[in-house]
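# Structural characterization, general
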Amino acid sequence: MLDAARPPMVSGGSQSYMGRGPTTAASPSKPEMSLVLYDTMTREKRRFRPHDPKRVTMYVCGPTVYNYAHIGNARPVVVFDLLFRMLRRAFGEAHVLYAANVTDVDDKINQKAADEGVPIDVITRRYLDAYHADMSVLGALSPTFEPRATQTMDEIIDMIGRLVRNNCAYAAEGHVLFNTEAYSDYGKLSRRSLEDMIAGARVDVAPYKQNPADFVLWKPSKPGEPVWESPFGPGRPGWHIECSAMIEKTLGLPIDIHGGGNDLIFPHHENEMAQGLCATHGGEYASWWVHNGFLNMGSEKMSKSLGNVILAHDLVSRYPGEALRWALLASHYRQPLAWTEETPRHAKAALDSLYGALLRAADVEAATAEPGAEFMAALEDDLNTPKAYAELFALAQALDGATGADRARLKGELLAAGQLIGFLKADPEAWFQGADPALKATVEGLIADRAKARAAKDWGEADRIRDALSAMNVEVQDGPQGATWRMKEQV
Ligand SMILES: [Zn+2]
């Protein structure tokens, strides 16, 4: 067996976008944070220490854009957005690089394009736009980098070439496969033995595989599918290789944090690590592996076959984004999250109680404040959001009971704590009128577009926008002063 854990040194960071990070000046770093994060590799909580505090790197596996994101897809986005915010606070905004990929080469995308009889990029553009809009309503900040598979093809082909040269991959019948026997640590992250993985993979093993656990790096495209030229023949990449190539390109290996849902631990992250290390420096791939738990529909798995899939895209038109974000962070991120009809309503009620305290304190100006020590301690303990929420309620209660200068201080502290993690951004009065700030921005943008279309007598476009607003439960009334809008009654 080849010891592929020590392949020749290859240009790990040379292709990275190191010079392309944010150019804004670093915000002054807050007193040093003692963030503790659970690491799936070591199965323990460890104090977070980046390789370079001036260049903290995090990569999270992102969406495959062939449909609207369901609420389970939104959970990692919000969880890792919270972690991104914590890192930015601790190390300064300009020092944290967060990459989340977009898979825009995939069988499901091809199928959808064929079903609709449109080019693939019509599908990917439509659903990527919707994804961006929906996640922004949930308060998720844009990642620093959002690499796409179709824009990373040279790097993917280059990485596969290195794996072939290192004898960690082989070509067979138009495919290139990763040779799992070449990497002695295969199974280390998921703690599976090679025998187990072979047994698991034995169903319907492709004849060109040397070992049943070997996985595809490159495969031929079917007629009508997108195809790229490569030294291994025309075709397209497998899914796993895309993330390793993107990490190398955008952040450089090793990275500080690799995140994703816990359903990705095996095989996706196991494969990412195997190919990434065999193609590069061999030492470490990610110092912390952070995985969020599943979102279930009550006690059932969410699945198409059970007919219980709920789209984030539908929820954002029915509930304020902050309420959905609250619901997604209400359980600790590593625990399963049981989603029911009531979940967003309960989350809205929880936020109502915080906004209520702010409304009753509308007569005082909030003092400039930092989030309190207890609140920060809860978040720094592996993102303990249930405990952080309890601190917010305690603050709201204290604000209600306070007198004199304490009111300004407590109001400031409540706002600082809430806003750090993406809440309490609305004007309290507007909150109770039902206009979430993110939704409000989206609606007002659409109304402005509609006014432009009407001015240009593009009635088709104006009607299309009106329908889109109606689908968001927004009722538009045209008046002499322009259009006004309100949310329709919820049923
Ligand atoms: Zn990935």
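Computed from a predicted model, the values in this text were never measured in an experiment.

## Focus: the nonpolar core
One finds Leu37, Leu87 and Trp339 to be the most contacted residues of the largest nonpolar core, which totals 88 residues. Residues in contact with Trp339, not counting those within four places in the same chain, are Ile71, Leu295, Asn296, Met297, Gly298, Ile310, Leu315, Leu324, Ala327, Leu328 and Pro344. Counting residues in each nonpolar core, the second largest holds 45 residues, with Ala99, Met246, Leu253 and Leu264 among its members.

## Re the pattern of salt bridges
One pass over the structure, following the stated rule, counts 26 salt bridges. As a salt-bridge pair, Arg345 and Glu342 come within 3.8 Å of each other at their nearest N and O atoms. One end of the pair is Arg345 and the other is Glu342, both in helix α10 (residues 342–360) and three residues apart, which spans about a single turn. We classify Glu342 as partly exposed; its relative accessible area is 36%. The salt bridge involving Asp406 is made with Arg409; its shortest N-O contact spans 3.5 Å.

## Examining the coordination of the zinc ion
Note on the zinc ion: its protein donors are Cys61 (SG), Cys243 (SG), His268 (NE2) and Glu272 (OE). The metal-donor distances range over 2.0 to 2.4 Å. Between the four donor atoms coordinating the zinc ion, the angles at the centre fall across 83 to 132°, so the site counts as irregular.

## Examining helix α3 (residues 120–137)
With 18 residues, α3 should cover 26 Å at 1.5 Å per step; its first-to-last C-alpha distance of 26 Å lies within 8% of that length. The complete set of buried residues in α3 reads Ile123, Thr124, Tyr127, Leu128, Ala130, Tyr131, Asp134, Met135 and Val137. With its phi angle positive at about 85°, Gly139 sits one or two positions after the end of α3.

## Brief notes about the sheet that holds strand β6 (residues 175–178)
The strand order β5-β6-β7-β8 describes an open sheet built from four strands, whose pairing is antiparallel. The open sheet is flanked by β5 (169–172) and β8 (236–237), the only strands paired with a single partner.

## Structural notes on the environment of Leu354
Along the chain, Leu354 falls in helix α10. Considering only alpha carbons, one finds Leu354 and Gln275, 79 residues apart in sequence, at a separation of 48 Å. Setting aside anything within four residues of it in sequence, one finds Leu354 in contact with Trp326, Leu392, Phe393, Ala396, Leu414 and Leu424.

## Some details on helix α6 (residues 239–250)
In this model α6 runs 17 Å from its N-terminal to its C-terminal C-alpha over twelve residues, within 8% of the 16 Å that 1.5 Å per residue would give. Among the twelve residues of α6, eleven are classified as buried, and the element is accordingly described as predominantly covered. Inspection of α6 places His240, Ile241, Glu242, Cys243, Ser244, Ala245, Met246, Ile247, Glu248, Lys249 and Thr250 among the buried residues, and these make up the whole buried set. Just downstream of α6 lies Gly252, where phi reads positive at about 85°.

## Structural notes on the pairing of β6
Of the two faces of β6, both are covered, the one formed by His175 and Leu177 as well as the one formed by Val176 and Phe178. In textbook terms, the turn of a hairpin is the stretch between consecutive antiparallel strands, and for β5 and β6 this stretch comprises two residues, one of which, Glu173, has a positive phi near 50°. Where β6 meets strand β7 (residues 215–219), three bridges bridge the pair, whose relative direction is antiparallel. Following the sheet pairing, Leu177 is matched in β7 by Val216.

## Comments concerning the packing of aromatic side chains
Enumeration over the complete set of coordinates arrives at 13 aromatic pairs. Aromatic side chains Tyr186 and Phe215 sit 6.4 Å apart centroid to centroid with 25° between the ring planes, which places their arrangement in the stacked category. You can see Tyr186 sitting in the loop between β6 and α5 (194–201) and its partner Phe215 sitting in strand β7, a full 29 residues away along the chain. With respect to burial, Tyr186 and Phe215 carry one shared label: buried. Summarising the aromatic geometry, the rings of Tyr285 and Trp289 are spaced 5.9 Å apart at their centres and angled 15° between planes, so their arrangement reads as stacked.

What counts as what
Residues numbered from 1 in each chain as written. Predicted model: local features only at pLDDT ≥ 70, side-chain atom pairs only at ≥ 80, totals over all residues. Heavy atoms only, no water. Core = buried A, V, L, I, M, F, W, Y, C linked by side-chain atoms within 4.5 Å. Buried < 20%, exposed > 50% of the residue type's maximum accessible area, 1.4 Å probe, protein only. Contact = heavy atoms within 4.5 Å. Salt bridge = Lys/Arg side-chain N within 4 Å of Asp/Glu carboxyl O. Helix = DSSP H or I, 4+ residues; strand = E, 2+ residues; numbered from the N terminus. Donors = N, O, S within 2.8 Å, 3.2 Å for Na, K, Ca; no water. Tetrahedral: all angles 85-135°; square planar, octahedral: opposite > 155°, others 65-115°. Expected span 1.5 Å × (residues − 1). Pairing = 2+ DSSP bridges. Phe/Tyr/Trp six-rings, centres within 6.5 Å; stacked < 30°, edge-to-face > 60°.

Function cannot be read off these values alone, since they describe shape.
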